[in-house]
Amino acid sequence: MIPLSSTTPISAKSDTAPAADPARGKLGTFGGVFTPSVLTILGVIMFLRFGFVTGQAGLYGMLAIVVIANVVSVLTTVSLSAIATNTRVKGGGDYYLISRSLGLEFGGAIGTVLFVAQSISVGFYIVGFTEALTQVTGDLFFPARIFGLDLPAEMVALAPVTVGQIVSTVVVLLLFAVAYKGADIATKLQYVIMAALTAALISFFWGASQAFDPAQMELTTGPAMGDDALPFWIIFAIFFPAITGFTQGVSMSGDLKDPAKSLPRGTFMAVGVSLVVYLVLPYVFAGAATREQLIQDPGAATMKRIATFPWLIDAGVYAATLSSALASFMGAPRILRAMSIDNLFPGSAFFAQARQPNAEPRRAICFTLVIALACIWAGDLNALAAVVTMFFLLSYGAMNFATFIEGFSRNPSFRPRFKIGGWRTSLAGALVCASVMLAIDPLATFVSVLVLMGLHRFLVHRDLDNPAGDARRGFYVQRIKDYLIKLGERPAHPRNWRPVVIAVTRPGEDGRPIAQFAQAVGSGQGILTMAVVLRGTVQELVEERKVQLAQLERFVKTGEQHFFYEVPIADSYSAGIRSLLMTHGIGRLRPNTLMLYWSDGQESEYLDVLSDATALSYNVILFHQQDSTSPFTTESSANIPCHGRQIDIWWRGRDNGSLSLLLAHLIRETRAWRGCKIRLLRIVRGVDAMEASEREMVELIESSRIEATVMIVHSKGDPFDVIADESGDSHLVLLGVGGLDDGGGADLARYNELLTRLPTTAIVSASQSLDVEV
């Protein structure tokens, strides 16, 4: 990420100034937020489609559509206001607010689709302007003829579509010049456009007051009937794009004097004014025109018939389309620049450059122009229209979800000055956005969500760093707390048992083999903690502890499995392990299994640890690796196919056997061991006991639902010789042992010779009764 504060000041005349954070913008609430937002909301849909949808839906249906649509805008504005008053808002609008709550990956995905949607909207609005111009004049060449220009016959002979594209290109270049010049001139031009829009509405309402007929309104209260009548949600889909511009002012956040104050006030003002206008319009249309006129009249013909000065309606249509295009032309580049400052995409730093002192994103404006021109010359854009609407709705849903995360996580840093609503309101807003998306167009919803997921996945792999932080960690902490409380309220049951392993090594030991084995046992369906015990004092080893923690962190990031890690400092190896056994974990979520490397020396300190662990009801696993054949090394693991591997379990009592059987099953669930063969072996002294022993083992296998082969070995000789002979060619041996809690661990020394004859082996001692048959 490029820190805003670290850029080098350069001349205000430079067009390629590096991204910087200007001291403050110049725009206030009215010019910077209210004006672009209200001009986009009261746009082309109001002039060209409102009469039609009122005729189709009827008065009451249209009022319902307006209310439902504005639930989205009101709830999203509440969420926007909470986030905007909780942080210092910089440039980037929606992207900046969402990324600082949900992270750069999710915010970047939303920002990208929003930038594309606004850039495409520039082309949409300008094409709409050209079409409106054609409807009014009937001839796109009329401006030239007014000035007495003699047009070449070749130009006159061009197809109307091509002529329209030429006119649209000229218009987009004019708007590009305004946007390129800067936000100040664009804002001043918007005041002129607002004056035209206001005059058009006054002319319409004044004329409607003369033509209004209550009896006529009563005839249009219900929906249209007949073959040409449209379903409610189709009508809703036609109208809904009318309200999608209420966050246009948010994109100008970097140009505002006081974003925290202007964003909530300006957006609420725009939503409030447009809501009043949209609630009044259905009454006016229903009372001043017949249903047939509303449905059949093209474009703004009904409004022109009602208005006192019809030509003002034409001016209003032009104003609506141009203002919406200009607002998008101003907003899209600022989103792109903000994402580029965060270096989301390779090479995006090019668009982070801006002209000082007002940080005009001229490179991003040029890129927006390219997209708009491509849309104008692409021809029919109807297929993209629905997806663009979904992109806007995704951004609104993300804004609500971001506020929900902030509120629900109860981060102490979430202290918004805007106190209306809460996380429930924001969650409702997100759900409403999702519902509206599905109601409008399920296919477009699927496509847009798929695009969003693809972008998010790409950004996750970019491994982005956000020094500003986000709310996700607080959300995770709150959820963990809630679940830990619920976990403590639920009694433990064997069917819910899973390995919670703490694997301990000493400095100098190669922790990779035991880590791979521990991951196979406890990382997939259990929980694993890797620990390195340092002997000494905290003052002496505090720096060494940092080094060990950094190594473990790198191990986590580079490996395929995730685990937790600890580096305790203690006077002795045994004291460090004891502290882990008694204090590691939180609430009812604590380790149940201790894993150590096998120790050939069997020193008393080692045996004391095993005895203490057993006394504390820990299962104990002692891991012994054969360096030449171990499957738990990177080199050997790649050379042994999964289906060719074999795990042998030697039965040593019900508890040890059940634990070993479950551990073997968990290992086989991993990718490296999937499909391997498991053998359950048992030594019996007498021939007469073989049948009963086999029946017992088979019943255990069947009731535990673990696929394994039972093998009963009759022998009166040394069991260690039998084990070595039968399992010498296996890849992993699980061998039960008992008596670790009463000093019997001293007998472990006799296993040294056996382990030299076996492949990689895990000595298993169960301290908990485990029922694998549940």
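Residues numbered from 1 in each chain as written. Predicted model: local features only at pLDDT ≥ 70, side-chain atom pairs only at ≥ 80, totals over all residues. Heavy atoms only, no water.

A. Broad picture of the packing of aromatic side chains. With the rule as written, the count across this model stands at 31 aromatic pairs. Judged by centre distance (5.9 Å) and plane angle (15°), the rings of Phe-50 and Phe-285 are stacked. Of this pair, Phe-50 sits in helix H3 (residues 50–84) while Phe-285 sits in helix H12 (residues 259–288); the two residues are 235 residues apart in sequence, bridging distant segments of the chain. A relative accessible area of 0% places Phe-50 in the buried class. Between Phe-517 and Phe-623 the ring centres are 4.8 Å apart and the planes differ by 20°, which places this aromatic pair in the stacked class. Here Phe-623 lies in strand E7 (residues 619–624) and Phe-517 lies in helix H21 (residues 512–522), a separation of 106 residues in the sequence. By relative accessible area, which is 1% here, Phe-623 ends up buried. Taken together, the ring pairs in this structure connect Phe-50, Phe-204, Phe-205, Phe-239, Tyr-278 and Phe-285 into an aromatic cluster. One residue, Arg-363, lies across the ring of Phe-350, its end atom 4.2 Å from the ring centre. Seen from the ring of Tyr-483, Arg-479 lies directly overhead, with NZ or CZ sitting 4.7 Å from the centre. (Phe/Tyr/Trp six-rings, centres within 6.5 Å; stacked < 30°, edge-to-face > 60°. Helix = DSSP H or I, 4+ residues; strand = E, 2+ residues; numbered from the N terminus. Buried < 20%, exposed > 50% of the residue type's maximum accessible area, 1.4 Å probe, protein only. Lys NZ or Arg CZ within 6 Å of the ring centre and 35° of its normal.)

B. Focus on the packing of helix H9 (residues 183–211) against helix H15 (residues 310–341). It is the contact of H9 with H15, at a shortest axis distance of 8 Å, that shows an interaxial angle of 150°. Classified by the angle their axes make, H9 and H15 are roughly antiparallel. Between H9 and H15 lies a crossing of left-handed hand. Together, Ala-183, Ala-186, Leu-189, Gln-190, Ile-193, Ala-196, Leu-197, Ala-199, Ala-200, Ser-203 and Phe-204 of H9 and Leu-312, Ile-313, Ala-315, Gly-316, Ala-319, Leu-322, Ser-323, Leu-326, Ala-327, Met-330 and Arg-334 of H15 make up the contact between the two elements. Class assignment for the residues of the contact of H9 with H15 results in 17 nonpolar, four polar and one charged. (Axes fitted to C-alpha atoms, helices over the stretch in contact; angles between N-to-C directions. Parallel < 35°, antiparallel > 145°, perpendicular 65-115°, else oblique. Left-handed = near helix turned anticlockwise from the far one by under 90°. Contact = heavy atoms within 4.5 Å. Nonpolar A, V, L, I, M, F, W, Y, C, P; charged D, E, K, R; others polar.)

C. The sheet that holds strand E10 (residues 709–714), seen in detail. Taken together, the 10 strands give an open sheet; going across it, the order is E4-E2-E1-E6-E7-E12-E11-E8-E9-E10, and neighbouring strands pair in mixed fashion. With partners counted over all chains shown, the strands left at the sheet margins are strand E4 (564–566) and E10, one partner each. Neighbour-to-neighbour, the strand axes of the sheet open up by a mean angle of 20°, direction not taken into account. Across five bridges, the pairing between strand E8 (residues 646–650) and strand E9 (residues 677–684) is parallel. When the bridges of E9 are listed, Trp-650 appears paired with Leu-681. (Pairing = 2+ DSSP bridges.)

D. Seen up close, the confidence of the model for the chain. Here the chain averages 83 in pLDDT, while 87% of its residues score no lower than 70. Of the regions scoring below 50 in pLDDT, residues 1–23 engages in 52 contacts with residues more than four places distant in sequence or in other chains. Note that pLDDT drops below 50 for residues 141–149; the model gives that stretch 10 contacts with residues more than four away or on any other chain. (pLDDT = per-residue confidence, 0-100.)

E. Just the side chain of Asn-400, in detail. Its place among the elements puts Asn-400 in helix H17 (residues 382–409). At 3.0 Å, the side chain of Asn-400 forms a polar contact with the side chain of Thr-76. (Polar contact = N/O pair within 3.5 Å; in protein donor to acceptor, adjacent residues only side chain to side chain.)

F. Broad picture of the pairing of strand E2 (residues 527–532). Along E2, five of the six residues are buried, which leaves the element largely enclosed by surrounding structure. Pairing analysis gives three bridges linking E2 to E4, with the strands arranged parallel. Bridge assignment links Ala-531 to a residue of E4, and that residue is Glu-566.

G. Focus on the pattern of salt bridges. Counted under the stated rule, the structure contains 13 salt bridges. The salt bridge involving Arg-679 is made with Asp-648; its shortest N-O contact spans 2.8 Å. Of this pair, Arg-679 sits in strand E9 while Asp-648 sits in strand E8; the two residues are 31 residues apart in sequence, bridging distant segments of the chain. On the basis of relative accessible area, Asp-648 is assigned to the buried category, the value being 0%. One network of salt bridges, with partners in common, ties together Asp-255, Arg-334 and Glu-360. (Salt bridge = Lys/Arg side-chain N within 4 Å of Asp/Glu carboxyl O.)

H. Up close: the environment of Tyr-278. Mapped onto the elements, Tyr-278 comes out in helix H12. Judged by its relative accessible area of 0%, Tyr-278 is buried. When the C-alpha positions of Tyr-278 and Phe-50 are compared, they lie 9.0 Å apart, and in sequence the two are 228 residues distant. Setting aside chain neighbours within four positions, we find Tyr-278 in contact with Ile-41, Leu-42, Gly-43, Met-46, Phe-50, Val-66, Phe-239, Ala-242 and Ile-243. Polar side-chain contacts of Tyr-278 include one of 2.5 Å to the backbone oxygen of Ile-41.

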